[in-house]
Amino acid sequence: MKYNNTVEATFLERPNRFIAKVKIDNEEHTVHVKNTGRCKEILIKDSTVILEKSDNPNRKTEYDLIAVYKKGFGLINIDSQAPNKVVREWLETKDFDYVKPEYKYGESRIDFYMEKGNEKYLMEVKGCTLERGNVGYFPDAPTQRGVRHLRELIKATKQGYKTAICFVIQMENVSVVLANAQTDPEFDKALNDAKKAGVEIIFLKCKVARDTLEFTQ
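Summary of the structure given here. A quick note: this is a predicted structure, and the numbers were derived from the prediction, not measured.

## Remarks on the sheet that holds strand β12 (residues 162-169)
Here is step 1 of the chain: Pairing is mixed across the open sheet formed by six strands, whose spatial order is β7-β8-β9-β12-β14-β15. Each having just a single partner strand, β7 (98-105) and β15 (212-215) make up the two edges of the open sheet. For this sheet the average axis-to-axis angle between neighbouring strands, irrespective of direction, equals 35°.
Here is step 2 of the chain: Here strand β14 (residues 200-209) pairs with β15 via four bridges, running antiparallel. Residue pairing across strands places K207 opposite E214, the latter belonging to β15.

Written as structure tokens, this is what we have:
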């Protein structure tokens with residue numbers, strides 16, 4: 001996937017989960033943060049961030065914050081909408097007969113439903129932006145929604161669906177994602193239960209640039 005009209009800025013602060021204060025050419029701006037997670041380990045004062053300028057003149061904020069440079073590591077894409085777009089592009093290379101996003105199943109909307117021959121598939125997508133020692137961790141904040149989705153995948157597996165959870169790794173030099181048990185023990189348990197039930201765990205590695213995020217496998 002590709003971004004249009006990106007610019008570099010300096011991160012100042014994040015007053016709430018929806019907005020941040022940044023400096024562009026020494027001028028302060030309020031920008032929209034395209035990630036409602038905590039991102040505390042990377043959104044640090046004076047960090048270099050990447051913004052995308054909106055083409056909507058009626059918006060309250062002119063820019064979206066989409067990525068941040070982590071000192072000593074590199075660029076991390078934090079756009080929470082990007083993983084599904086990348087997975088859609090990836091699925092188009094997998095010869096499915098039918099792909100439907102946002103599929104209603106049980107009490108949830110699962111990110112993708114696919115068909116290949118007589119087989120039916122369900123896939124949930126999670127973006128990983130938290131890294132420690134070149135290992136990815138998810139989530140960076142407790143996620144009841146994520147737990148519920150895993151429970152739905154377990155149920156679907158028992159009903160004959162081929163199921164998977166796909167962790168899109170929104171940074172380079174990371175190839176595996178572990179459950180962040182310290183932050184969300186419920187998700188850790190649900191992920192372990194999903195593995196035991198036969199839900200496939202996929203780690204989708206990506207190449208990250210200031211204006212692109214693309215899968216590499």
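That was the structure; now back to the text.
## Digging into the side chain of D79
Here is step 1 of the chain: Looking at the element boundaries, D79 is found in the loop between β6 (74-77) and α1 (82-91).
Here is step 2 of the chain: Here the side chain of D79 touches Q81 through a polar contact of 2.9 Å, landing on its backbone nitrogen.
Here is step 3 of the chain: Apart from residues no more than four positions distant in its own chain, D79 is found in contact with Y3, K34, I66 and Q170.

## Here's the deal with the layout of surface pockets
Here is step 1 of the chain: The space that makes up the largest pocket amounts to roughly 660 Å³.
Here is step 2 of the chain: If you go around the largest pocket, you meet 28 residues; those closest to its centre are N35, T36, S80, F138 and R145.
Here is step 3 of the chain: At the level of secondary structure, the elements contributing two or more residues to the lining of the largest pocket comprise α1, β9 (119-128), β11 (135-138) and α2 (144-158).
Here is step 4 of the chain: The element best represented in the lining of the largest pocket is β9, accounting for five residues.

## What about the sheet that holds β11?
Here is step 1 of the chain: Taken together, the three strands give an open sheet; going across it, the order is β10-β11-β13, and neighbouring strands pair in mixed fashion. Each edge of the sheet is formed by a strand with only one pairing partner; in this case those strands are β10 (130-132) and β13 (177-179). Neighbouring strand axes in the sheet, compared pairwise and without regard to direction, differ in orientation by 40° on average.
Here is step 2 of the chain: As paired strands, β11 and β13 are joined by three bridges and run parallel to one another. Considered in β13, the bridge of G136 is made with V177.

Procedures and definitions
Residues numbered from 1 in each chain as written. Predicted model: local features only at pLDDT ≥ 70, side-chain atom pairs only at ≥ 80, totals over all residues. Heavy atoms only, no water. Pairing = 2+ DSSP bridges. Helix = DSSP H or I, 4+ residues; strand = E, 2+ residues; numbered from the N terminus. Axes fitted to C-alpha atoms, helices over the stretch in contact; angles between N-to-C directions. Polar contact = N/O pair within 3.5 Å; in protein donor to acceptor, adjacent residues only side chain to side chain. Contact = heavy atoms within 4.5 Å. 1 Å grid on protein atoms, 1.4 Å probe; cavity = no way out; pocket = protein on both sides within 12 Å on 5 of 7 lines; lining within 4 Å. Points joined across faces, edges and corners; volume = space filled by probe spheres on them.

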